[in-house]
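Notes for the structure review
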Amino acid sequence: MEPVDNRNTKTILVLGGATEGYELARVLNHKQGVHVVSSLAGRTSKPRAPCGEVRSGGFGGSEGLALYLRECSIAAVIDATHPFASVMGWNAARACAAVGVPLLRLERPAWRPQAGDLWTEVEGWDDAVTVLDSGAKRVLLAVGRKELEPFVGLDHIWFLIRSVDAPEPTKVFAQADVLLARGPFTLEGETKLLQNHRIDTIVCKNSGGTATDAKLSAARNLGVRVVIKKRPQRPEVPVVETVEQVQSWVDQVL
Ligand code: NAP
């Protein structure tokens, strides 16, 4: 970590990787008396660089993170990882409790079904496979390139696999095309995509936010079915939904 010479400056660790982490780093970076370090998992080949200092790669579980918090004299941690990053939040909760560092979770609200939606909510991808098996023919698979495995073997279904980076095992799909794309996506673009590919079902996660919700509106308008994965369980830590709320919390704890 870069040396911080001002003794009145407090270092805040932002666990990033999702949209909010970038906005948070930008805002905190301008805050007097705060030095912000953003942490990225290092999975994406060309990640956007957050404002301020950035570190990349895992810490080595909760113990590794606890060590890092001590060594770098971290004053507070904001867990701004993606709603479907299911491990990091638990590691942060354990490490912060062990070291006595305040922790806040920044999480955008989940999407909720609206009138006209044809949603099937599932706990896991095995349930999604069962739903697809009962009649889907042309599927937009927007689950992330690392979570394709459960859908391999549905040979009677044609998949349009959309991901930020190229997925590895596409050749094991009997019928699939890959579309590399990063949100935000527009309603017009998503409508055309669903129509051009004659998509009857979308499989996605309940990520929330506005960058990727256009596919849900397009699906509603076109009568396309959506199989949507519920969010994973999280540790009991204080949670806020906006960057402004994080700022108030930072003012209180520092
Ligand atoms: P995860 O299951 O919660 O974490 C797996 C491991 O990756 C953690 O144990 C940790 O390794 C490392 N890690 C995760 N986030 C990190 C961070 N911000 N800084 C340093 N190390 C981190 O997370 P994931 O689902 O694999 O996602 C990885 C990253 O991609 C996350 O930062 C997340 O915000 C982002 N992301 C995830 C999704 C998704 O759908 N899962 C979508 C968009 C973005 P150690 O145990 O070694 O510390």
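Below is a short write-up of the structure. Note that this is a predicted model, so its numbers are computed, not measured. (Residues numbered from 1 in each chain as written. Predicted model: local features only at pLDDT ≥ 70, side-chain atom pairs only at ≥ 80, totals over all residues. Heavy atoms only, no water.)

Looking at the overall build of the protein
Along the backbone of the protein there are seven helices and twelve strands. Its C-alpha atoms give the protein a radius of gyration of 20 Å, near enough to 18 Å, the size a compact globule of 254 residues would have. Taken along the three principal axes of its C-alpha coordinates, the protein extends 60 × 35 × 30 Å. Within the span of the protein, comprising 254 residues, buried residues form 46% of the whole. A separation threshold of at least 6 residues defines the contact pool for the protein, and within that pool the share at least 24 residues apart is 66%. Accessible surface for the protein amounts to roughly 12,900 Å². Of this, 48% is attributable to carbon and sulfur atoms. Positive and negative side-chain charges of the protein, numbering 30 and 29 respectively, have mean locations separated by a distance of 2 Å. (Helix = DSSP H or I, 4+ residues; strand = E, 2+ residues; numbered from the N terminus. Rg over C-alpha atoms; globule rule 2.2 N^0.38 Å. Buried < 20%, exposed > 50% of the residue type's maximum accessible area, 1.4 Å probe, protein only. Contact = heavy atoms within 4.5 Å. Areas by Shrake-Rupley, 256 points an atom, 1.4 Å probe, with all protein chains shown as cover. Lys, Arg positive; Asp, Glu negative; His and termini not counted. Charge placed at Lys NZ, Arg CZ, Asp CG, Glu CD.)

Regarding the packing of aromatic side chains
Under the definition given, this model contains four aromatic pairs. Consider the rings of Phe 59 and Tyr 68, whose centres lie 5.1 Å apart with planes at 65 degrees: the pair is edge-to-face. For Phe 59, a relative accessible area of 16% puts it in the buried group. Judged by relative accessible area, Tyr 68 falls into the buried class, the value being 13%. Taking the centre distance of 6.4 Å and the plane angle of 65 degrees together, the rings of Phe 151 and Phe 159 count as edge-to-face. For the pair Phe 151 and Phe 159, one class covers both residues: buried. (Phe/Tyr/Trp six-rings, centres within 6.5 Å; stacked < 30°, edge-to-face > 60°.)

Regarding the sheet that holds strand E7 (residues 138-142)
Spatial strand order, E6-E11-E10-E7-E8-E9: six strands in an open sheet with parallel pairing. The sheet is open, and its two borders are formed by strand E6 (119-122) and strand E9 (176-180), each paired with just one other strand. Averaged over all neighbouring strand pairs, the angle between strand axes comes to 20 degrees, with direction disregarded. Summarising the sheet, strand E8 (residues 158-163) and E9 pair through five bridges and their orientation is parallel. Residue pairing across strands places Phe 159 opposite Ala 176, the latter belonging to E9. Sheet strands touched by helix H5 (residues 187-196): E7, E8, E9 and strand E10 (201-205). Its angle to E8, the strand with the most contacts, is close to 155 degrees. Its contacts with the sheet place helix H6 (residues 214-222) against E6, E8, E10 and strand E11 (225-229), and it is angled at close to 150 degrees to E10. (Pairing = 2+ DSSP bridges. Axes fitted to C-alpha atoms, helices over the stretch in contact; angles between N-to-C directions.)

Focus on the pairing of E11
The element E11 is extensively covered by neighbouring structure, given that four of its five residues are classed as buried. Note on the crossover from E10 through H6 to E11: the handedness is right-handed. (Right-handed = clockwise from strand over helix to strand, strands pointing away.)

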